[in-house]
Amino acid sequence: MLFLVCAFLAIGLSLQAQSVEDALKPVTRTYALTNATIVTQPGEMIEGSTIVIKNGLIDAIGTNVSVPAGAKVIAADSMYVYAGFIDALSNTGVPRPKNEDNGPRRGRRPDGVNPGDPPRELAGVTPEKQVRNDLKPDERSVEDMRKLGYTAAHVVPHGRMLPGQGSIILLAGEDGEDMLLSEGLSLFTQFEAAPGVFPATVIGVMSKFDELYRQTEQMIMHMDAYAKNPKGMDRPERDEALEAMAPVVKGEKPLFFMAPGVKDIYRVLRMQDDLGFNLVLTGVKEAWHVADQIAEANIPVIVNLELPDLPKDSKKKEGEEEDEAMDDEMKMLQERAAERMQAFESQAATLADAGIQFGFTAMDAKTNDIHASLRRMIEHGLSEDQALAALTTTPAAMLGVSDMMGTLEEGKMGNLLVSDAPYFAEGANVRFVMIDGHLFEYEAKKATKGNPDATANVNGEWSYTVEVPGQTSEGTLKLIDNSGEISGTFYSTQMPSAEDIENARLNGNELSFDAPVSMGGQRMSLQFTLVITGDTFEGTVSVGEFGTFDVEGFREGDPE
Amino acid sequence: MRYTILIALLLFFGVSLSAQSEAGSMLIKNGTVLTVTNGTMENTDVLVIDGKIAEIGKNLRAPRGVEEVDATGMHVMPGIIDCHSHIAIDAVNEATNPVTAEVWVGDALDPLDVSIYRALAGGVTASHAMHGSANAIGGQCETIKHRYGTYNPNDLRMEGAPRTIKFALGENPMRVHGEGRGIQPATRMGIEQVFRAAFSEAQEYQAAKQKYEAAQANDDNTVLPPQFDRRMETLVDILEGEIIIHCHSYRADEIYMLMQVCEDFGIDRLCFQHVNEGFKVAPELAEFGAGASVFADWWAYKFEVYYSTAYNAAILTENGVVTSINSDSGELIRHLYHEAAKTQRYGELSNDEALALITINPAKQLGIDDRVGSLEEGKDADIAIFKGHPLSIYAVPMKTIVDGKVYFDRNNDADDQRLDVDPEEVMPAFFLDVQDHNYENCMQGTYQTFNALFRG
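Because the structure is a prediction, the values reported are computed rather than measured.

Reading the values: rules and limits
Residues numbered from 1 in each chain as written. Chains lettered and ligands numbered in written order. Predicted model: local features only at pLDDT ≥ 70, side-chain atom pairs only at ≥ 80, totals over all residues. Helix = DSSP H or I, 4+ residues; strand = E, 2+ residues; numbered from the N terminus. Buried ≥ 20, exposed ≤ 12 C-beta atoms within 10 Å, placed from the backbone. Contact = placed C-beta atoms within 7 Å. Pairing = 2+ DSSP bridges. Axes fitted to C-alpha atoms, helices over the stretch in contact; angles between N-to-C directions. Parallel < 35°, antiparallel > 145°, perpendicular 65-115°, else oblique. Nonpolar A, V, L, I, M, F, W, Y, C, P; charged D, E, K, R; others polar. Right-handed = clockwise from strand over helix to strand, strands pointing away.

(A) View of the overall build of chain A. If you tally the helices and strands in chain A, you get 12 helices and 26 strands. Evaluated residue by residue, chain A yields a buried proportion of 46% over its 560 residues. Put simply, of all contacts in chain A between residues at least 6 apart along the chain, 65% involve residues at least 24 apart.

So this is what it looks like as structure tokens:
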């Protein structure tokens, strides 16, 4: 198990469990979704309606639309259809370069590099870079975002302070170029220092950005003067980085500046004030401090979909002495943390209340948490229409693609998602996603809750497998039900010996228990929740702060 | 419902926070006023209007709506100024090059650093947030006022304070660049050459700019400016007297060396930091007009800092050197008044001389003595109120006031003063800085960089 967790940490969060997605071969390029509730745009809903997509474009929407002959008909009764979501900024579809496997800050400075004057690539100054040649339609992130209902994304290269330029891509395609809708529409920058070379600190990054910006201003002046009258003048030196920055300096291209924290935001606003670029304040997590200022300056904003993790339910261990003074202090600390948590969760609502239009970026968020994050923002005051606008119409407008996507309208691209309940409802499943007329179908998630009225026999020796991203881990469970008292042992191939399980409980056909394991000298408890059906079970295991993983198993025989 | 309460709370905070950077008014009644520059006045009032000291005198009346603060039995002194600190910044050392004049710690101020509050609790109202000493020519520094409570980094800046820059002599730049990378400076001689080469290059840059400007004035568009270079721009500003050099130093020979380099390049705004061997070159420092910002009694944390004395500040003072005592530490900053008092045990400085070491003298070294550093009519109302004389071992800071607003009040001192609460971590981790007093904080951030650079 230790190996499992280490492996999980080493592999990182980008790998996700296998999906059930199935891309259907297009036998026909005409589809009709019938008798659905169609949300054509935030706040506009047509019930019992049909939508026809022909050759990748929306052909008709309405209650009196007839299904064309030869169309593949999807009976979407009781389902909800929305315009496909647009990720306002991410690296979706762009594989992370190998040399950044350990994260850019932990990388090593290559031999022979002068740390005070490193090559631009190492310094992170690559504003000329485009994603075109790196895009991969089968990149895991594409599939992960697609099954959440995302159909398009504004993507930028991986990198450091100036990773490159933004392109709009569709989250489906034969190859990279097939996904590409437009490129070079923006420049992306972030406070990301370089490993052991200049700029190695945030102050280095800010200085370097300012210098590049002013050098670009000089270059533009020189080029203009040279174009007017080159006689007697040195010819301008070509510099692809400065040339890539020139449209930003001229105000022809927006600068998407990553600014998650409140200090980042203030720093970016001051730089914008100094230099005057067209700013899109990107990835904000703590913008409630500056909502009024942003609203007044009319600065476009992209909200970060990553929220702080909610606290785990801390169970008081039995027999633990209560220390009153400690409890008072803990209470105060808990209140402050909770207050702060609410501020994070309310950020989107605060911005919306200030009249700020914003999109969402999934850049920092774990894809598995995105639906929950949206729900938390909605619980804290963001309206569902505002949330939907931030996923559709606002990013479409921000990126200049409102004519193509963002709403369900005749003539627009066939980008949509179908969910089996209103999208923001708990437990809602995305069942279909259509991108540019390509259909993707998904199964509903498995029920992980047991039935308290069912019965189950736990006795026996069970084999189990745990699905951890990128691998599976195996082991055995021996369980004995002694008239309701459940005991047993837990063994993993990564453990030296079996351990007794604790706190086992059977409720209907749902079995829960804790399995203590030793990891790096520390004891921790794996919490299993399994639903038993006959001789098989399915469920989850929570591995402390590392996450929750799927478990499957079957009965091999009776315990000795 | 909880949400509505929260929003109300946020709005309330929003209002009170933005109000904090505004100036305040108050009448401090009946204290023992230690003006530092104009003697001590018993049973005296200080009237503060809109963040400025409006009047100092007896039996003053508070204008309508102005709050009175009873200072009977208390000592009222100018807010303490720390000429060397690294609190309230997110980056200390850009240790990648022997010369990094282009970087500026003022770009990365950290208003959420709880050290600011701790400094206020020691009567400190302003500090010099410095770049580290990894490089011969380090980054530019920022003079900040301790307006704790704001989330806006810009609110900390002491608007109008002159620009300053960190230089460093001796072992730190030699180790990082010479030993670490086998480049200049590997020796103290090399450090001098780094300075001379940098200033010479800056003179060429300056000349090229002047040539371009002259051509522009003659409508000659064929002459191009040198490519914009922040490092050179900064060095030119030093040559033109717009930036005060604050140089990390220990040994007398090197201190003397930098004065000669500055003389050769026509630079006269210079203050030495640490300057443990300053007592050996005190007359020379006085003649040059260079300041000295020292520790009271802190040394022997590396080879070049063994030859030291607790009489350093007194000897420098007696020789007419503008001398201050600094902290270079988030801990020591809380009791600079004790540090100043040590000069009365080691050197028998007068009360005013000792207090000057942490008030008007650091203000002079930072070029802000027209604004702060003493209690005088027209100056900023940056004030510390003590129970007991601040140079007494029994001194207790009671109230600390910046721009006429109370930022620390011992009678209203909440347990948790954090601004930056981690929503995921209920129990915050408190780190005691074990490097304090073993090694100067100037090298903060270089260990990681050092490892990344050379051991990686």
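Moving on from the model shown.
(B) Examining the sheet that holds strand S8 (residues 137-145) of chain B more closely. Residue and element names in this part refer to chain B. With mixed pairing, the eight strands of this open sheet are ordered in space as S6-S7-S8-S9-S10-S11-S12-S13. If you trace the sheet from one side to the other, it starts and ends with strand S6 (80-85) and strand S13 (323-325), each paired once. On average, each strand axis in the sheet is tilted by 25° relative to the strand beside it, whichever way the strands run. One ladder, built from four bridges, connects strand S7 (residues 124-129) with S8; its direction is antiparallel.

(C) Molecular detail of the packing of helix H5 (residues 202-228) of chain A against helix H6 (residues 240-249) of chain A. All names here are of chain A. The geometry of H5 relative to H6 is characterised by a closest axis approach of 9 Å and an angle of 85° between their N-to-C directions. Relative to H6, H5 is oriented roughly perpendicular. Here Leu212, Tyr213, Gln215, Thr216, Glu217, Met219 and Ile220 of H5 lie close against H6, whose contacting residues are Leu242, Met245, Ala246 and Val249. When grouped by side-chain class, the residues that make up the contact of H5 with H6 number eight nonpolar, two polar and one charged.

(D) Structural detail: the interface of chain A and chain B. Facing 49 residues of chain A, the contacting portion of chain B comprises 38 residues. Those elements that place two or more of their residues in the side of chain A that touches chain B are H5, helix H7 (262-275) and helix H9 (324-353) of chain A. Element by element, the count of residues in the side of chain A that touches chain B is highest for H5(A), at 12 residues. Grouping the amino acids of the side of chain A that touches chain B by side-chain chemistry returns 22 nonpolar, 15 polar and 12 charged.

(E) Expanded view of the pairing of strand S11 (residues 255-258) of chain A. All names here are of chain A. On S11, burial covers both faces: Leu255 and Phe257 on one face and Phe256 and Met258 on the other are all buried. Where strand S10 (residues 180-189) meets S11, three bridges bridge the pair, whose relative direction is parallel. Within the sheet, the bridge partner assigned to Phe188 lies in S11 and is Phe256. Examined bridge by bridge, S11 and strand S12 (residues 279-284) share four bridges and lie parallel to one another. Following the sheet pairing, Phe257 is matched in S12 by Leu281. In the classification by handedness, the crossover that spans S11, the intervening H7 and the parallel S12 is right-handed.

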